[in-house]
Amino acid sequence: MPGKLHLISKDGVSMNHGDDRWKQALGEVDRFHLRQKSLSPEQVYQWGKQLLEKRMIAEEKLVINSWWQVADRLGCVGVHLPENAPPVDWVRRQVRGTLQIGCSVHSPKKARQREKEGADYLLFGHVYGTPSKSGLRPRGLTGLKEVIQSVNIPVLAVGGIYLREQVREVMNTGCSGVAVISAVADAKDPGAMALQLKKWLKGYPDAHQERRESVGSFGKTERVRIGDSGGI
């Protein structure tokens, strides 16, 4: 199974609901994270509702950032929590049992904590320099690899990923895929860029999924969580 592609919405960038290029972009990704820090929960709900009603994206691909109440209300696949969010196990008790919960982390210590709480997957970054993190030193490939090796759940790389060589570098650390913002949001043709990223990822397997299948092939019992095998 190839590495996963997550697209995160960018503050201030409006997706024209009638724009076929954005529809193509959303069709190519494995998950779309609706993250708009400047909007209220109700505004995020209305945006997500419109995306679903206009069939811009399917429920099984839509993730709401931060607002687990909105994700639960929309019936979408998951919620993604920032590093300073409440514990995953507490959030899980507030929502329906099928909701996938991902978390942003910046260190192996936090990654282990989130795994212990019950996170389904992690995003680690920023791996490369990016305008959205201006002035902050990238955490790099070494930091990414340390997080991957510290947990037994999928880890995706995020931050400054635009180029084929960068996709190759992060996937060779053993991560499960990449998450992008500006690479697609700032592209002249978002759909074409999402397709290009997806093609690059086809050359690299989801390392976490491969490890699970390898262990399973030897007849060992594995711990399986919601969303752990159904795509992240």
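The structure under discussion appears in the preceding block.
Throughout this document, residue positions are counted from 1 along each chain, in the order its sequence is written. Thresholds applied to this predicted model are a pLDDT of at least 70 for local features of residues and 80 or more for the giving and counting of side-chain atom pairs; totals over whole chains, interfaces and linings are not thresholded and use all residues. The basis for every side-chain value is the complete set of non-hydrogen atoms in the structure, without hydrogens or water.

S.K.: Just checking my understanding: could you explain the pattern of salt bridges for this structure?
M.R.: Opposite charge on two side chains permits them to pair, given that their charged atoms come into close proximity. Just to be clear on terms, a salt bridge is a Lys or Arg side-chain nitrogen sitting within 4 Å of an Asp or Glu carboxyl oxygen. Counting across every chain of the model gives nine salt bridges. The partner of Arg 73 in a salt bridge is Glu 42, and the shortest N-O contact between them spans 3.0 Å. With Arg 73 in helix α3 (residues 68-74) and Glu 42 in helix α2 (residues 41-53), the pair connects residues that are 31 residues apart, well separated along the chain. Working definition: with a 1.4 Å probe on protein chains only, accessible area under 20% of the residue-type maximum means buried, over 50% means exposed, and in between means partly exposed. Taking the relative accessible area as the measure of exposure, Glu 42 reaches 38% and is therefore partly exposed. Starting at the N terminus, helices and strands are each numbered in turn, a helix being any DSSP run of H or I of at least four residues and a strand any DSSP run of E of at least two.

S.K.: Looking at this structure, how should I read the sheet that holds strand β1 (residues 4-8)?
M.R.: Two strands in a sheet stick together by hydrogen bonds in their backbones, pointing the same way (parallel) or opposite ways (antiparallel). Pairing between strands is defined by DSSP: at least two bridges between the two strands are required. Within the closed barrel, the eight strands sit side by side as β1-β2-β3-β4-β5-β6-β7-β8. Their pairing is parallel. Taking the axes of each pair of neighbouring strands and ignoring which way they run, one obtains an average angle of 25° across the sheet. Summarising the sheet, strand β6 (residues 121-124) and strand β7 (residues 155-158) pair through three bridges and their orientation is parallel. The residue of β7 that forms the bridge with Leu 123 is Leu 156. Running at roughly 150° to β1, helix α9 (residues 190-201) makes contact with β1 and β8 (177-180) of the sheet. The convention used is that axes are lines fitted to C-alpha atoms, helices contributing only their stretch in contact, and that angles between N-to-C directions extend from 0 to 180 degrees. Any two residues whose heavy atoms approach within 4.5 Å are treated as being in contact.

S.K.: How do you make sense of the packing of helix α7 (residues 164-171) against α9 when you look at a structure like this?
M.R.: Two packed helices can be described by the angle between their axes and the distance between those axes. Running from amino to carboxyl end, α7 crosses α9 at an angle of 40°, the nearest separation of the two axes being 10 Å. By the angle between their axes, α7 is oblique relative to α9. Remark: the crossing between α7 and α9 carries right-handed chirality. On α9, the residues that touch Arg 164, Val 167 and Met 171 of α7 are Leu 197, Trp 200 and Leu 201. Note on residue categories: nonpolar means Ala, Val, Leu, Ile, Met, Phe, Trp, Tyr, Cys or Pro, charged means Asp, Glu, Lys or Arg, and polar means any other residue, Gly included. Of the residues that constitute the contact of α7 with α9, the class distribution is five nonpolar, no polar and one charged. Any angle that is under 35 degrees is reported as roughly parallel, and any over 145 degrees as roughly antiparallel; angles of 65 to 115 degrees are reported as roughly perpendicular and all others as oblique. Crossings are classed by handedness, with left-handed meaning an anticlockwise turn of the near helix from the far one by less than a right angle and right-handed meaning a clockwise turn.

As far as function goes, none of this settles anything; it's purely spatial.
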